[in-house]
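# Remarks on the overall topology
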2 protein chains.
Amino acid sequence: MKLFGYWRSSAAYRVRIALALKGIAYQAVPVSLPAHEQASPGYAALNPEQLVPLLVDDAGNRISQSLAIIEYLDETHPAVPLLPADAAGRARVRAFALAIACDTHPLNNLRVLEYLQGKLTVSDEARLAWIRHWLGKGLAALEATLAEAPHPHAFAFGDAPTLAECCLIPQLYNARRFGADLAPYPRLLAIEAAALALPAFDAARPERQLDAPPDVRMTP
Amino acid sequence: MKLFGYWRSSAAYRVRIALALKGIAYQAVPVSLPAHEQASPGYAALNPEQLVPLLVDDAGNRISQSLAIIEYLDETHPAVPLLPADAAGRARVRAFALAIACDTHPLNNLRVLEYLQGKLTVSDEARLAWIRHWLGKGLAALEATLAEAPHPHAFAFGDAPTLAECCLIPQLYNARRFGADLAPYPRLLAIEAAALALPAFDAARPERQLDAPPDVRMTP
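This section reports on the structure supplied with the text.

Criteria and cut-off values
Residues numbered from 1 in each chain as written. Chains lettered and ligands numbered in written order. Predicted model: local features only at pLDDT ≥ 70, side-chain atom pairs only at ≥ 80, totals over all residues. Heavy atoms only, no water. Helix = DSSP H or I, 4+ residues; strand = E, 2+ residues; numbered from the N terminus. Contact = heavy atoms within 4.5 Å. Polar contact = N/O pair within 3.5 Å; in protein donor to acceptor, adjacent residues only side chain to side chain. Pairing = 2+ DSSP bridges. Axes fitted to C-alpha atoms, helices over the stretch in contact; angles between N-to-C directions. 1 Å grid on protein atoms, 1.4 Å probe; cavity = no way out; pocket = protein on both sides within 12 Å on 5 of 7 lines; lining within 4 Å. Points joined across faces, edges and corners; volume = space filled by probe spheres on them. Nonpolar A, V, L, I, M, F, W, Y, C, P; charged D, E, K, R; others polar.

Looking at the element boundaries, L46 of chain A is found in helix α2 (residues 41-46). Taking the C-alpha atoms as reference points, L46 of chain A and V56 of chain A, separated by ten residues in sequence, lie 9.1 Å from one another. Those residues within four positions of L46 of chain A in sequence are excluded, and the remaining contacts are F4, L54 and R62 of chain A together with E148 of chain B.

See the structure below:
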């Protein structure tokens, strides 16, 4: 199995967590987003969306979109489930993941920030305000969603991580990168601490990837 | 069953299509996005994300996020399936839907356009260029994805509509609204024509909703 990704892509990071939680061996193939390698003819032929991540499994199936990949892994490697067994529970976990994947992350990814800077000539200050605005909206919604119910568990939806943490931990990594104030989100931070204590989440960290630059690289 | 939505929200439109395809009766509850009713205390108590759509089923489950709602409906009302039976097929349909829900729609929804205009004081011309840029990227990716395989079917992934069309038709509605040039996407247009010929897609149109303004309202 091959995963085409980029060390700092939070969508690729989601899939790395899922693969690690399930103990699935894979080959990481770096695609440099700053160098726009995702638009190269070779990669575009593999993934016409010209985005990472892309999973190519041993049967040759090419699956794009991080959440589609994780659902696919969950269906084909069900031993460590990443979704609850009941429909309502699955819906809540999926909604939490989608609140990150649809409403938070897309506004702050590299191609959008490049457009703000390059085409709209937005100042660095206004660009950072944009990032923090959408991060704040997204994280506040997640914290409020979890605050609805008593929370006796280590993770967002129980005693084991799910698709929710596959999305949350990369989003919090992004938030730290942009210096967002995380103090208003104590539940999210508690979940993050519980997750990062697990070897699977640690192995999936951006800094542990082979294409991370030497100055941030953490050796295993 | 109640669906909180807004006539022109393309995320709500996706769920309306799924409900209509499955023949599920529901009560539509309008939430005016231009009037910011989604941020009212009453609605925020129902959906802490303060977004539409929200499904409240007869058991009292509150499900947010259009794709989580559609997966939930598909699991609880399986008679008219909206996903293929095999894992790889499901992954392809989900990836197509997510390419719309994560990579195309979030950049052009009302709250983002309001930020561009209000906070970044972007000109009308630059705002329209922004909209068309992300629409073009998204639609080109979808067309390229479908162009990979021979396409003997009326719909994106077979002879019946799936989650893919639930997302595509609202996205094309949005694209027309913003005057995007759709000529480069002949496959998407052929799928749209096939879908809109079905009563379920027709009933879900924004113009058929009770909260559509009188000047655009189409009576059933």
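Back to the text.
Our next topic: the side chain of N61 of chain B. With respect to the helices, strands and loops of the structure, N61 of chain B is situated in the loop between β3 (54-56) and β4 (62-64). A polar contact of 3.3 Å, which involves the side chain of N61 of chain B, links it to the side chain of Y72 of chain B.

Residues and elements named next belong to chain A. Read from one edge of the open sheet, four strands run β2-β1-β3-β4, paired in mixed fashion. Pairing within the sheet leaves two strands with one partner each, and these edge strands are β2 (27-30) and β4 (62-64). Adjacent strand axes in the sheet meet at a mean angle of 20° when their direction is disregarded. When strand β1 (residues 2-5) meets β2, the two strands line up parallel, connected through four bridges. Residue K2 lies in a different strand from β2, and its bridge partner there is Q27.

Our focus in this paragraph is empty space enclosed by the protein. Taken as a whole and judged by the stated rule, the model has one cavity of 30 Å³ or more. Of the pockets and cavities examined, the largest cavity occupies roughly 120 Å³. What lines the largest cavity is a set of 13 residues, and nearest its centre among them are L67, E71 and L98 of chain A together with E71 and L98 of chain B. Counting only elements with at least two residues in the lining of the largest cavity, the list comes to α3 (66-76) and α4 (87-101) of chain A together with α3 (66-76) and α4 (87-101) of chain B. Looking at the lining of the largest cavity, its residues break down into nine nonpolar, no polar and four charged.

So yeah, pure geometry; function would need other evidence.
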